[in-house]
There are 2 protein chains.
Amino acid sequence: MRKPELIERLSHLVGDTGLVLDAEGQAPYVRDWLGKWQGGTPVVVRPRNATEVSAVMRLCHQSRTPVVPQGGNTGMSGGATPDASGAQVILSLNRMTRIREVDPVNNTLCADAGVLLADVQQAARCAGRLFPLSLGSEGSCTLGGNLATNAGGTAVLRYGNTRDLALGLEVVLPDGRVWNGLRGLRKDNTGYDLKSLFIGSEGTLGIITGAMLKLFPAPAGRATAWVGAESLAQVVGLLTRMQAACGDRLTAFEMMSARCLDLIVAHVDGAANPLSARHPYYALLELSDTEPSGLPTMLESTLGGALEAGLIQDCVIAMNDSQAQSMWRLREGISQAQMRAGKAVKHDIAVPISRLAAFVDEADLALMSEFPHLPIVNFGHIGDGNLHYNVLLPLDVAPAEYARLTAALNRRVHDLVAQRGGSISAEHGVGQLRRDELRRYKSPVEMDLMLMIKRALDPNQLMNPGKLL
Amino acid sequence: MRKPELIERLSHLVGDTGLVLDAEGQAPYVRDWLGKWQGGTPVVVRPRNATEVSAVMRLCHQSRTPVVPQGGNTGMSGGATPDASGAQVILSLNRMTRIREVDPVNNTLCADAGVLLADVQQAARCAGRLFPLSLGSEGSCTLGGNLATNAGGTAVLRYGNTRDLALGLEVVLPDGRVWNGLRGLRKDNTGYDLKSLFIGSEGTLGIITGAMLKLFPAPAGRATAWVGAESLAQVVGLLTRMQAACGDRLTAFEMMSARCLDLIVAHVDGAANPLSARHPYYALLELSDTEPSGLPTMLESTLGGALEAGLIQDCVIAMNDSQAQSMWRLREGISQAQMRAGKAVKHDIAVPISRLAAFVDEADLALMSEFPHLPIVNFGHIGDGNLHYNVLLPLDVAPAEYARLTAALNRRVHDLVAQRGGSISAEHGVGQLRRDELRRYKSPVEMDLMLMIKRALDPNQLMNPGKLL
């Protein structure tokens, strides 16, 4: 279909205000927020509800127009950016911002895909419940993007990934049909788990327009601590000990290396090591509970036992909210510190927790020998086996050199990850970023299974082409 | 392929001891344990490992031989019983009983599909961990069957269904290829969630030969209580209150009606109402914790508050393990009591928890008016919204009358379930039992999505024909 006709027909479906046609208006849609990917589009379409999404998809299906679904455009892997052909329509969910229903007795919340994650959290809070998904970008990312990428974050240890937090979906299929799978059930064994298939499929199988989410009892209090340890093996040992003693109260267990904290202290205003000495590794722990009165004692005695056993070197427990927030600000300051300190070659990897320490030892050695001048910035969600094992290049590194080193470092690190049975994209998704690498690390059988499903559900290959597969 | 040739070639693949050919030996395989379904098979094949399963499936694929995978043969829906044609080979996993690895640091356990659930639980316990899946049949059901049916049970409230308890799978595809997806990762966003697709697919997409399971910190103690309430709405109110106060400590929240307890007391030796008076509804609650010292007080004060608020009528807290076991024996005695009291027309349904009480009111009314002489036996996992809303027919009901009433009752109950956004198979799966009904209650879009996936992964329709779809 020619562009003028496509646009005219789209304007009938969503109204003129539902289309973004001018280059200036399109600018924030055709480029990812990191500025890594830039594409073009004939039109950004902004439907108001699933019925309009359905109509748009039917038209795109008939006219064989490829579609790139987009939420808050905060992804890390270029999954929501169109290619440079200018042929891919961007379908933005950013006008679908309705919280449809909160049911505190069923512990569910139903919402449009375009709702900001922070607004979902807030709606749950207003009902005296918790929606635990929590990310750095929660003020600008959308529920639909969280679902499409199966977003992770800092509460996965206790509450799981986005997939674990959804009970049902509403999805517009590539041919425009609407699958209403918005069930609010904890048990439903009536066929294939379609919901889990669409979650994490990065817009390549259909467009998630709504979701039924799980809510949880709101914790009534927290206890937070900062720990210094001699090695990553010790940090992992502490995790095991904390889980045994505190069970589900352990809501977060974050780790950063000494060099990572150094960067934060150097580049983030007001940041300081909560401990008096420098330690090779640090951990940030949080306990939470619906009945929190015992938390400080529990945290104290568990960490006290770990200190006595020589498992950790030092620790400090936050005495109040403000101290706890200071500890979390260190964790949250990593991105900013990294950006100021250099150009990061990022890895979002996971390995089994029991192999984490050995993996890092081996990777550190390999990188120090091959790339001796490049500092490693290692931090992550240890409780999930998820490391952001990044490497810093100078801020003024030439683009070609940056590309060369990125490829070389990715290859070295990801080969080691694969050897340990790990994942090359733990929480950020594949998008454009890891698409070529995926073929290197997935077995042919697994690639073929995914392609069989893709061909079955999107035979014309119109959904988010060039992403994931 | 002719039967003698098929058998000869199979014997080359798995050895003579791997085949069951005589009618007597086949008897326990061709009939389900409830005696509801009876079929025939040319041969029961019992491979010893995934490589043998792969070879068998390759042969079946080449010879277009349909295959029925079977675990412990303890299913409720006829999903593991071949049809009467005598053409379907039974592939039993019962020689694949190896616990492959327990990793207490990663909190994972890797096992063959043929391992008994009780043996998985035991292996976890030996490592100081918990594998929480717990069913009445745990001494005879297998992990593979639990995965294929996404089994539920009494711990779903806290730990989720089987799908939530698996991190990775090994699956032999219909054409004999092996997908090794045995990853032990909490985060892995590298493509479609194939694992969740095979789990709950009831053997219609491939054969699960191994799994990587999640383990949990072992609770160090429990507190158990028995509650009497005036209505189901009160029981649901108590659930909400308990969740707010106790959070994740609430491990079980079971319900039974007065009539259900009457049956148990009448038919199970030594069974008695733990309370002095009869109440319209009862709940059995369990708290557990890694640090259990506060549990009795917490249970007492929460139930005390509920009593004072008039939310419940009476309650008793187990003072020791033996009292707790007596309470659980009542719950576990339901099947036996039902079998002795009559022929049950069973429903394994779920509705949103907020609609449970209204659903039961409406269903009770409808059934009492249409089937005034048939007692309703209502019990279930209220914490998951899952009711076993059964109806008792006389033990000597004529087969034709049993069939007629079953169909009429199923229709009445399931129509009401569907109106409330519920599921007609919460935990037992579809199998042969609910296959025809599924088409009535699923949308055409959802049926079509499932069929598209089935055709893509099993184009020759050889996997467990006649089940689910």
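Residues numbered from 1 in each chain as written. Chains lettered and ligands numbered in written order. Predicted model: local features only at pLDDT ≥ 70, side-chain atom pairs only at ≥ 80, totals over all residues. Heavy atoms only, no water.

Here we come to the overall build of chain A. When its secondary structure is counted, chain A shows 16 helices and 19 strands. Summarising its shape, the C-alpha atoms of chain A cover approximately 70 × 55 × 45 Å along the three principal directions. When the accessible surface of chain A is split by element, carbon and sulfur atoms take 51% of a total near 17,000 Å². For chain A, the distance from the average site of its 45 positive side-chain charges to the average site of its 47 negative ones is 5 Å. (Helix = DSSP H or I, 4+ residues; strand = E, 2+ residues; numbered from the N terminus. Areas by Shrake-Rupley, 256 points an atom, 1.4 Å probe, with all protein chains shown as cover. Lys, Arg positive; Asp, Glu negative; His and termini not counted. Charge placed at Lys NZ, Arg CZ, Asp CG, Glu CD.)

This brings us to the relation of the copies chain A and chain B. Take chain A, turn it by 180°, move it 0.0 Å along the axis, and it overlays chain B with an RMSD of 0.0 Å. A rotation of that kind, with that shift, is consistent with a two-fold axis. A high fraction, 99%, of the interface residues of chain A reappear at the interface in chain B, so the copies pair face to face through one surface. (Least-squares fit on C-alpha atoms with pLDDT ≥ 70 in both. Contact = heavy atoms within 4.5 Å.)

Here we come to the pairing of strand β13 (residues 250-257) of chain B. All names here are of chain B. Among the eight residues in β13, eight count as buried, and that is most of the element. One ladder, built from seven bridges, connects β13 with strand β14 (residues 281-289); its direction is antiparallel. Pairing of A252 across the sheet is with E286, part of β14. In the sheet, β13 pairs with strand β18 (residues 376-381) via three bridges, with the strands oriented antiparallel. Each bridged residue has a counterpart across the sheet, and for M255 the counterpart in β18 is G380. (Buried < 20%, exposed > 50% of the residue type's maximum accessible area, 1.4 Å probe, protein only. Pairing = 2+ DSSP bridges.)

All names here are of chain B. In space, the four strands of this open sheet follow the order β1-β2-β4-β3, with mixed pairing throughout. Each edge of the sheet is formed by a strand with only one pairing partner; in this case those strands are β1 (19-20) and β3 (67-70). Examined bridge by bridge, β3 and strand β4 (residues 89-92) share four bridges and lie parallel to one another. Residue pairing in the sheet places Q70 in a bridge with S92 of β4.

Right, let's get into unusual backbone geometry. The residue N107(A) is not glycine, and still its phi comes out positive at about 55°. Locating N107(A) in the fold gives a position in the loop between β5 (99-103) and β6 (108-112). Under the relative-accessibility criterion, N107(A) is labelled buried at 5%. At N464(B), a position not held by glycine, the phi torsion is positive, near 45°. In this structure, N464(B) sits in the segment after α16 (444-457).

Counted according to the given criterion, the structure contains 50 salt bridges over all chains. For the salt bridge of R222(A) with E286(A), the shortest nitrogen-to-oxygen distance reads 3.3 Å. Of this pair, R222(A) sits in strand β12 (residues 221-229) while E286(A) sits in strand β14 (residues 281-289), and the two are 64 residues apart along the sequence. Among the charged side chains, a salt-bridge network with shared partners connects R183(A), D188(A), K442(B) and E446(B). (Salt bridge = Lys/Arg side-chain N within 4 Å of Asp/Glu carboxyl O.)

It is common to report an interface's size as the accessible area lost on association of the parts. Every contact between the two is made by 84 residues of chain A and, on the other side, 83 residues of chain B. Taken together, the links from chain A to chain B amount to 14 salt bridges. One salt bridge connects R249(A) with D289(B), and the closest N-O pair in it is separated by 2.3 Å. Our count for the chain A to chain B interface comes out at 50 residue pairs in polar contact (both at pLDDT 80 or more). Counting only elements with at least two residues in the side of chain A that touches chain B, the list comes to α6 (156-159), β9 (178-181), α7 (194-198), α8 (232-246) and α16 (444-457) of chain A. Of all the elements, α16(A) adds the most residues to the side of chain A that touches chain B, at ten residues. Of the residues belonging to the side of chain A that touches chain B, the class tally is 34 nonpolar, 29 polar and 21 charged. (Polar contact = N/O pair within 3.5 Å; in protein donor to acceptor, adjacent residues only side chain to side chain. Nonpolar A, V, L, I, M, F, W, Y, C, P; charged D, E, K, R; others polar.)

All names here are of chain B. With twelve residues, helix α1 (residues 3-14) extends 16 Å from end C-alpha to end C-alpha; this agrees with the ideal 16 Å at 1.5 Å per step. Those residues of α1 lying buried are L6, I7, L10, S11 and V14. Buried residues of α1, seen end-on, are gathered within an arc of 130° and therefore sit on one face of the element. Facing away from the buried side of α1 by over 90 degrees, the exposed positions are P4 and H12. Buried residues along α1 sit against β1, β2 (44-45), α3 (50-62) and β4. Looking one or two places after α1, you find G15, whose phi comes out positive at around 80°. (Expected span 1.5 Å × (residues − 1). Arc of directions from axis to C-beta.)

Attention now goes to the pairing of strand β8 (residues 166-172) of chain A. Residue and element names in this part refer to chain A. The buried fraction of β8 amounts to seven of the seven residues, a majority that puts the element mostly inside the structure. One ladder, built from six bridges, connects β8 with strand β10 (residues 207-214); its direction is antiparallel. Note that in β10 the partner of E170 across the bridge is G210. As paired elements, β8 and β9 share four bridges and run antiparallel to each other. Residue V172 lies in a different strand from β9, and its bridge partner there is V178. In this antiparallel pair of consecutive strands, β8 and β9, the connection spans five residues, and G176 shows a positive phi of 95°.

The next subject is helix α14 (residues 399-419) of chain A. All names here are of chain A. Counted at 1.5 Å a residue, the expected span for α14 with its 21 residues is 30 Å, and the 30 Å between its end C-alpha atoms agrees. Along α14, the residues that are buried comprise Y402, L405, T406, L409, N410, V413, H414, D415, L416 and V417. On its buried side, α14 packs onto β16 (343-345), β17 (348-350), α13 (356-370), β19 (386-393) and α15 (435-441). Immediately downstream of α14, the backbone of G421 shows phi near 70°, a positive value.

With that settled, consider the environment of V172(B). Residue and element names in this part refer to chain B. Mapped onto the elements of the fold, V172 is located in strand β8 (residues 166-172). For V172, a relative accessible area of 0% puts it in the buried group. With 116 residues separating them in the primary sequence, V172 and V56 have C-alpha atoms 9.9 Å apart. Not counting residues up to four positions away in its chain, the partners in contact with V172 are A50, V53, S54, M57, R177, V178, G206, I207 and T209.

The subject of this paragraph is the confidence of the model for chain A. Put simply, chain A has an average pLDDT of 97, and 100% of its residues get 70 or more. Listed scores for the predicted complex are pTM 0.98 and ipTM 0.97. (pLDDT = per-residue confidence, 0-100.)

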